[in-house]
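Here are the chains, one letter per residue:
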Amino acid sequence: RQMCIRDRKIYMDFFNENSFKSFNENEEKEMQQFLKKKDSEAVWYKFELSLSHAQSLAEGPMYLYDKAKKLGVTNSEGAIASVGLIDIDDLSHMVLQTRLKDGDHKVWLMSNSARRDFTQRCGADCPLIWKVNIDEAFDFINEGVKSLDGKSALAKYEDEKVWAVHGPEYRILPPSKLFFEVQKAIAKSFKSTDFAGGTWTHEIVQASWVSNDDEIIESYKDLAFEKTGLLNYDQYQPVIMFSTSDVGDSTATVFAGITDGKRYINIGNPIKLKHAGTASIEKFADLLQGLYAKYKESIDSLKKLYDIPISYPVNCAVNIARDIGIPISAITKATENFCDIFESDTPQTASEVFFLLQEAIYIAETVKKENISKNLLCMKEAASRLLTGRFKWEDYDSPTIFQKKKKIR
């Protein structure tokens, strides 16, 4: 069936698994308003796991809507049609029938992220479960949830689908309120900042602000020029990067970084608040009070990399990249881009290796620009750990490329 014009206009961008909206440097207010609107539309439901029943919605486009109706799905045709747009092999959409704490009966379309959360919440996230027939897999899950009597879960429902399923310890931290707290902290901590842009997906919200306060980075620029003689470090400006997610490892994060206008490089351990336990907007605001001090600390950590000699910089970078999860193709391309520095693999410092890894992350990110991935955020956070005094560069500085991964802590 064809979606009507109204469905196309209103729902097409947000039903889909890869729904994406971006905001440019002139759209800070627009992003704030958009996040407030999405927060007002989101509904959080507490439901009983043992009273839940998963069913498969795996049909071709001709029969998809009729099958959904038989399962009790009352969503619009637009939402149901988006099920046929999944681009992951061998996955069908899940329809979940459940009962809320107040006894109300619900039938939900589950997104891929919610399906993943639900199976984990039920203890059925073994990879082998999806190797069998899909209906058999759901039968297994449905049998298992019967033993979860008394256990509840929290579902986030918006755009006619459930996008996340959490345990009762989860704390709802609306992205618009977190965004506002970051705005306030930046205005208080830095002399002058400009919004650099942001993105929204159902899985993650990201935004960044660039500071024109060169004083906080001037000492680093001077040192970088003194050590390398290169002027390109003078292009960097301070940047604050924010992200939050209601899916998976749900955490509100603020990174200190630097940018040349294209690359956004994390330069220190982030300020983080997991959406759990005693987490609150007030606690996040308290953490942000140390934002300026955190930035200065990060700059000092970046400067210390020039005191760490690296004998085999390319091998060192590849060995670290494997641990972080940076694709080898990206690190290879990054080495080609910096061939004047790394072509002969002459000794360098940890600073050059750090920036080589950041170039590789930037390359990996541009390849996946149409689908902002949480894996990229994990890469960036892992790379920021290289700036801690605890990281042992010597463990990766080797005349050979390792066959096995280490574990970066």
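The sections below set out a description of the structure shown in this document. Being a predicted model, the structure only gives us computed values, none of them experimental. Residue numbers run consecutively from 1 along every chain, following the written order of its sequence. Residue-level local features of this predicted model are given only where pLDDT is at least 70; pairs of side-chain atoms are given and counted only at 80 or more, and the full residue set underlies all totals for whole chains, interfaces and linings. For side-chain calculations, the full set of non-hydrogen atoms in the structure is used, while hydrogens and water are omitted.

## With respect to the overall build of the protein
Along the protein, the regular secondary structure elements total 15 helices and 15 strands. Think of it in three bands: residues with accessible area under 20% of the maximum for their type are buried, residues over 50% are exposed, and the middle band is partly exposed, with areas taken using a 1.4 Å probe on protein chains only. Classification of the 409 residues of the protein by burial places 52% in the buried group. We call two residues in contact whenever any of their non-hydrogen atoms come within 4.5 Å of each other. Considering only residue pairs separated by 6 or more positions, the protein has 71% of its internal contacts joining residues 24 or more positions apart. Surface exposure here means Shrake-Rupley accessible area, sampled with a 1.4 Å probe, where a residue is shielded only by the protein chains that are shown. Just so you have it, the protein exposes about 20000 Å², and 50% of that area is on carbon and sulfur atoms. Only DSSP runs of H or I covering at least 4 residues are called helices, and only runs of E covering at least 2 are called strands; the numbering of each starts at the N terminus.

## Quick look at the packing of helix H8 (residues 215-228) against helix H10 (residues 291-304)
Angle between the axes and distance between the axes are the two parameters that describe a pair of packed helices. Angles shown run from 0 to 180 degrees and are taken between the N-to-C directions of axes, each axis being a line fitted to C-alpha atoms and, for helices, limited to the stretch in contact. Where H8 meets H10, the axes come as close as 10 Å, and the angle between the chain directions of the two elements is 5 degrees. Classified by the interaxial angle, the pair formed by H8 and H10 is roughly parallel. Contacts between H8 and H10 involve Ile216, Ile217, Ser219, Tyr220 and Leu223 from the former and Tyr292, Tyr295, Lys296, Ile299, Leu302 and Lys303 from the latter. Considering only residue class, the contact of H8 with H10 consists of 8 nonpolar, 1 polar and 2 charged. These descriptions rest on fixed angle ranges, namely under 35 degrees for roughly parallel, over 145 for roughly antiparallel, 65 to 115 for roughly perpendicular, and the rest for oblique. Following the grouping adopted for this structure description, the nonpolar residues are Ala, Val, Leu, Ile, Met, Phe, Trp, Tyr, Cys and Pro, the charged ones are Asp, Glu, Lys and Arg, and the polar ones are all others, Gly among them.

## Comments concerning unusual backbone geometry
The phi dihedral of Asp159 is positive, around 50 degrees, even though this residue is not glycine. Note on placement: Asp159 falls in the loop between strand E6 (152-158) and strand E7 (161-166). Looking at Asp159, the relative accessible area reads 15%, which means it is buried. Here Glu160, not a glycine, exhibits a phi torsion of approximately 65 degrees, which is positive.

## Regarding the packing of aromatic side chains
The relation between two aromatic rings is expressed through the spacing of the ring centres and the mutual angle of the planes. Aromatic pairs are defined between Phe, Tyr and Trp rings, using the six-membered ring for Trp, whenever the two ring centres lie within 6.5 Å; interplanar angles under 30 degrees are classed as stacked, those over 60 as edge-to-face, and all others as tilted. A complete count under the given rule lists 19 aromatic pairs for this structure. Judged by centre distance (5.8 Å) and plane angle (45 degrees), the rings of Phe14 and Phe34 are tilted. Residue Phe14 is located in helix H1 (residues 5-15), and its partner Phe34 is located in helix H2 (residues 28-41); the two are separated by 20 residues in the primary sequence. Summarising the burial analysis for this pair, Phe14 and Phe34 share the class buried. Between Phe195 and Trp209 the ring centres are 5.6 Å apart and the planes differ by 65 degrees, which places this aromatic pair in the edge-to-face class. Note that Phe195 is positioned in strand E8 (residues 193-200) and Trp209 in strand E9 (residues 205-211), a separation of 14 residues in sequence.

## Section: H8
Given the number of residues in a helix, its expected span is that number minus one, multiplied by 1.5 Å. The first and last C-alpha atoms of H8 sit 21 Å apart over 14 residues, in line with the 20 Å expected at 1.5 Å per residue. Looking only at H8, the buried set comprises Ile216, Ile217, Tyr220, Lys221, Leu223 and Ala224. Within H8, the buried residues cover an arc of 165 degrees as seen down the axis, which keeps them to one side. In H8, the exposed residues that point more than 90 degrees away from the buried face are Glu215 and Glu226. Throughout, the arc means the angular range of directions from the helix axis out to the C-beta atoms.

## Observations regarding helix H7 (residues 175-189)
With 15 residues, H7 ought to run about 21 Å at 1.5 Å a step, and its terminal C-alpha atoms sit 21 Å apart, in line with that. Within H7 the residues assigned to the buried category are Pro175, Ser176, Leu178, Phe179, Glu181, Val182, Gln183, Ala185, Ile186 and Ser189.

## Comments concerning the pattern of salt bridges
Criterion for a salt bridge: a side-chain nitrogen of Lys or Arg within 4 Å of a carboxyl oxygen of Asp or Glu. Counted by the stated rule, this structure contains 14 salt bridges. Close ionic contact of Asp246 with Lys156 constitutes a salt bridge, the shortest N to O distance being 2.7 Å. Of this pair, Asp246 sits in the loop between strand E10 (237-244) and strand E11 (251-259) while Lys156 is found in strand E6, placing the two residues 90 residues apart along the sequence. Residue Lys156 is classed as buried on the basis of its relative accessible area, which comes to 9%. The partner of Asp260 in a salt bridge is Arg263, with the nearest N and O atoms 2.9 Å apart. Under the relative-accessibility criterion, Asp260 is labelled partly exposed at 24%. Bridged by salt links that share partners, the residues Lys37, Lys38, Glu41 and Asp159 form one connected network.

## Some thoughts on the nonpolar core
Counting residues in each nonpolar core, the largest one holds 77 residues, and the members touching the most others are Phe242, Tyr295 and Trp393. With 10 residues, the top contributor of residues to this core is helix H14 (residues 350-367). When neighbours within four sequence positions are excluded, Trp393 is seen to be in contact with Leu305, Ile308, Ile310, Cys316, Ile320, Ala350, Val353, Phe354 and Leu386. Grouping buried Ala, Val, Leu, Ile, Met, Phe, Trp, Tyr and Cys residues that are joined through side-chain atoms within 4.5 Å yields what is termed a nonpolar core. Judged by nonpolar contacts, the second largest core, of 23 residues, contains Leu96, Met110, Phe138 and Val145.

## Digging into the side chain of Thr201
One can find Thr201 in the loop between E8 and E9. According to the relative accessible area criterion, Thr201 is buried, its value standing at 10%. At 3.1 Å, the side chain of Thr201 forms a polar contact with the backbone nitrogen of Glu203. We define a polar contact as two N or O atoms separated by no more than 3.5 Å, with the added condition that, inside protein, one atom must be a possible hydrogen donor and the other a possible acceptor, whereas residues neighbouring each other in sequence contribute only through side-chain atom pairs.

## Focus on the environment of Ser398
Assignment of secondary structure puts Ser398 in the segment after helix H15 (374-384). You can call Ser398 buried: its relative accessible area is 10%. Considering only alpha carbons, one finds Ser398 and Val314, 84 residues apart in sequence, at a separation of 9.4 Å.

Bear in mind that shape data such as this cannot, by itself, settle questions of function.
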